[in-house]
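# Chains, contacts and geometry: an overview
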Amino acid sequence: MADGPGVVERYVRLGLALGRHLDGLVDAYYGPEAWRAEAEQGPPVPLPALVADGARLVADVDGGADPEVEGRRRAWLRAQAVGLHTVARGLGGEDVPYLDEVELSYGVRPAPVPEDALAAAHRRLDAVLPGSGDVRERMVAWREAHVVPAERLEGLVRDLADDLRERTDRAFGLPEGEEVEWVLETDKPWSGFNYYLGGLRSRVAINIDLPVPSLSLPHLVAHEAYPGHHTEHCRKEVGLVRGRDQVEEAIFLVGTPQCLLAEGLADLALESLVGTDHEAVVAPHLASAGVCFDAEVAAQVREALSTVGAARGNVALMLHADGRPPEEAVAWAERWLLLPTPRAEKQVRFISDPTWRAYIFCYTEGVELCRRFAAGDPARFERLLSEQLLPADLVAPAA
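To start, this report covers the structure provided alongside it. Quick caveat: nothing in here was measured; it's all calculated off a predicted structure. (Residues numbered from 1 in each chain as written. Predicted model: local features only at pLDDT ≥ 70, side-chain atom pairs only at ≥ 80, totals over all residues. Heavy atoms only, no water.)

### Topic: the overall build of the chain
The secondary structure content of the chain amounts to 21 helices and five strands. Projected onto the principal axes, the alpha-carbon positions of the chain cover approximately 70 × 50 × 45 Å. The burial tally for the chain puts 52% of its 399 residues in the buried class. Contacts spanning at least 24 positions in sequence make up 71% of the contacts within the chain whose residues lie at least 6 apart. When the accessible area of the chain is evaluated, it comes to approximately 17,000 Å², of which 50% is carbon and sulfur surface. Here the chain carries 40 positive and 64 negative side-chain charges, and the mean point of each set is 1 Å from the other. (Helix = DSSP H or I, 4+ residues; strand = E, 2+ residues; numbered from the N terminus. Buried < 20%, exposed > 50% of the residue type's maximum accessible area, 1.4 Å probe, protein only. Contact = heavy atoms within 4.5 Å. Areas by Shrake-Rupley, 256 points an atom, 1.4 Å probe, with all protein chains shown as cover. Lys, Arg positive; Asp, Glu negative; His and termini not counted. Charge placed at Lys NZ, Arg CZ, Asp CG, Glu CD.)

Quick look at the structure:
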C-alpha cells in the first residue's frame, strides 16, 4: 500500500473539504476532530483540485489501494466516492446532465409518474374525502382542518416520541444513553431535520413556517427519530464506528447513496414499527391532545396519496431536466400534488436549493426500495438500521 492516508481518511477529508463550498453538504460529522479542524483552516481548497481528488479516490478504491477496505465495505465506499466526485464536478461548473447527476449521486435513475396515474389517484381521493366538488379544494380544506394548534405542538411531539421510543427499543434495541432534543425552527426549506451530534445525541428540528398537520406529525416524529434517522445514526455509531472502526460512517454526506438509504428507511419507519394500520395506533395520542384526527379516513387518504407523493420527483425533473420555470412547477404541484399555494412554493423552494436539487429522489425512490427489501420483516428493517447497504443491495435476492 502506498504511503499517506488510506482511502477512508481521504474520503472523509474530501467530504469535509467540499462542505466548505456547499452549505449543508456535511449533514453530520463526529469523526476525528483534527480532520475537521484542518479542513476549516485557511481558504477552501479550490474546486478543480477537489474534482481531481475525487477522481483519484474512485480510481484508488477500484484498484484496491487499501487492503483493509474490501468486499461490501469497498463497494459502499466506492459508491460514496462517486457521489462526492459528482458533487465536486457540478460545483466546479461542469454541466452534468440532471438524470446522470441523480444516478451517480444516489444510485437510482428516476422516471416521472404518469399524469394518468395521478388522475386515478385523484379519483380515489374523490371517493374518500368528505364533501363534494373540486378534489384539490377538498384535499386542502381537509388537511387544514387537521392542523395541530401551535400551543399543543411541542407537548404532542414529546408524547409521540416517548411512545415510539419505547416501541423502538423493544423492537430493535436502542443503545444506552441515546437522547433526542426537540426544537422548533422557522425559515427552512424542509419540514423536519435531524442534526446528529455524535455521542448518541440528536437535535431534531420541526419547521413551523407553515402549520403542522396532525396527519403527518406521527410520520415526522418516526422519520426523524424513532426508528428513523436518530435510531440509524445511533445503531451505526455503536456497531460500525465504535465496534468496527469504520470511520467513514462518522460523516453523513448529501449527494451520496447513504442518503437514499437513510431517507427510505426513515419514510418506512412508522410502518415498520407499528404496521400499516398506524393511524389507529397514533389516534389516541392525538385525541388526548384534543387534536382533530379521523383515523379511518386518514388511512384511506394516505393510501390514495402514495402515488401523489411519489410525483414530487416530477417537479424536480421539470425544473432541472426540462428547464421549466419555477412558477410553472408551482402551478403543476398545486394541480397534481393537490397542494395549497404556500406548500407548493415551499416544495419548489426545497427542490431548487443547490444542496437539495436532486435530494427529493432519496424519498420517492428510497422508500420503495426499502419497502421491497424489508417486505414487512422487522429483521430486514433492522438490517437497514445497522448495515452498510447500497441501493443495488436492496434489489438483489434476499441474503
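### Observations concerning the packing of aromatic side chains
Under the defined criterion, the tally for this structure stands at 13 aromatic pairs. Ring centres of Tyr 11 and Trp 76 lie 6.4 Å apart, and the angle between their planes is 75°; this geometry places the pair in the edge-to-face category. Highlighted residues: Tyr 11 in helix H1 (residues 7-19) and Trp 76 in helix H4 (residues 71-91), separated in sequence by 65 residues. Trp 76 shares its class with Tyr 11; the two are buried. Look at Trp 332 and Trp 336: their rings are 6.5 Å apart centre to centre, the planes differ by 40°, and that puts the pair in the tilted class. Residue Trp 332 and its partner Trp 336 are located together in helix H16 (residues 326-336), separated by four residues, close to a single helical turn. Here Trp 332 falls in the buried class, since its relative accessible area comes to 10%. Residue classification places Trp 336 among the buried residues on the basis of a relative accessible area of 8%. (Phe/Tyr/Trp six-rings, centres within 6.5 Å; stacked < 30°, edge-to-face > 60°.)

### Details of the pairing of strand E4 (residues 201-207)
Regular strands have side chains that alternate between both faces of the sheet. With five of seven residues buried, E4 is to be regarded as a mostly interior element. Relative to E4, strand E3 (residues 192-198) runs antiparallel, the two being bridged by six bridges. Bridge pairing in E4 links Phe 193 to Ala 205. Hairpin geometry of E3 and E4 is characterised by an intervening segment of two residues between the two adjacent antiparallel strands and by a positive phi of about 65° at Gly 199. (Pairing = 2+ DSSP bridges.)

### Description of H16
Listing the buried residues of H16 in full gives Ala 329, Val 330, Trp 332, Ala 333, Glu 334 and Trp 336. Close packing links the buried residues of H16 with helix H6 (115-128), helix H7 (135-144), helix H14 (295-310), helix H15 (312-321) and helix H17 (341-352). Leu 338 occupies a position one or two residues after H16 and carries a positive phi of about 60°.

### A word on helix H8 (residues 150-171)
Under the 1.5 Å per step criterion, the end-to-end length of H8 is 32 Å for 22 residues, consistent within 8% with the ideal 32 Å. Tucked into the core, H8 has its buried residues touching strand E2 (179-185), E4, helix H9 (217-224), helix H10 (229-244), helix H12 (269-274) and helix H13 (278-288). Within two residues after H8, Gly 173 carries a phi angle of roughly 90°, on the positive side. (Expected span 1.5 Å × (residues − 1).)

### What to know about the packing of H1 against helix H3 (residues 47-62)
The geometry of H1 relative to H3 is characterised by a closest axis approach of 10 Å and an angle of 155° between their N-to-C directions. Judged by the inter-axis angle, H1 sits roughly antiparallel to H3. Taken as a pair, H1 and H3 cross one another with a handedness that is left-handed. Contacts between H1 and H3 involve Val 7, Arg 10, Tyr 11, Leu 14, Ala 17 and Leu 18 from the first element and Leu 47, Leu 50, Asp 53, Gly 54, Arg 56, Leu 57, Asp 60 and Val 61 from the second. Its residues placed into classes, the contact of H1 with H3 shows nine nonpolar, one polar and four charged. (Axes fitted to C-alpha atoms, helices over the stretch in contact; angles between N-to-C directions. Parallel < 35°, antiparallel > 145°, perpendicular 65-115°, else oblique. Left-handed = near helix turned anticlockwise from the far one by under 90°. Nonpolar A, V, L, I, M, F, W, Y, C, P; charged D, E, K, R; others polar.)

### So, empty space enclosed by the protein
Using the criterion set out here, one finds three cavities of 30 Å³ or more in the structure. Grouping the amino acids of the lining of the largest cavity by side-chain chemistry returns six nonpolar, three polar and four charged. Here the second largest cavity is characterised by a volume of approximately 50 Å³. Around the second largest cavity, the lining residues are Glu 154, Val 157, Arg 158, Trp 182, Val 183, Leu 184 and Ile 206. For the lining of the second largest cavity, the elements supplying multiple residues, two or more each, are H8 and E2. (1 Å grid on protein atoms, 1.4 Å probe; cavity = no way out; pocket = protein on both sides within 12 Å on 5 of 7 lines; lining within 4 Å. Points joined across faces, edges and corners; volume = space filled by probe spheres on them.)

### Some remarks on unusual backbone geometry
With an omega dihedral of 5°, the bond running from Tyr 226 to Pro 227 counts as a cis peptide bond. With respect to the helices, strands and loops of the structure, Pro 227 is situated in the loop between H9 and H10. With a phi close to 60°, Asp 245 is a non-glycine residue in the positive phi region. Within the fold, Asp 245 resides in the loop between H10 and strand E5 (251-253). Backbone geometry places Leu 338, a non-glycine residue, at a positive phi of 60°. Its location among the elements puts Leu 338 in the loop between H16 and H17. Taking the relative accessible area as the measure of exposure, Leu 338 reaches 1% and is therefore buried.

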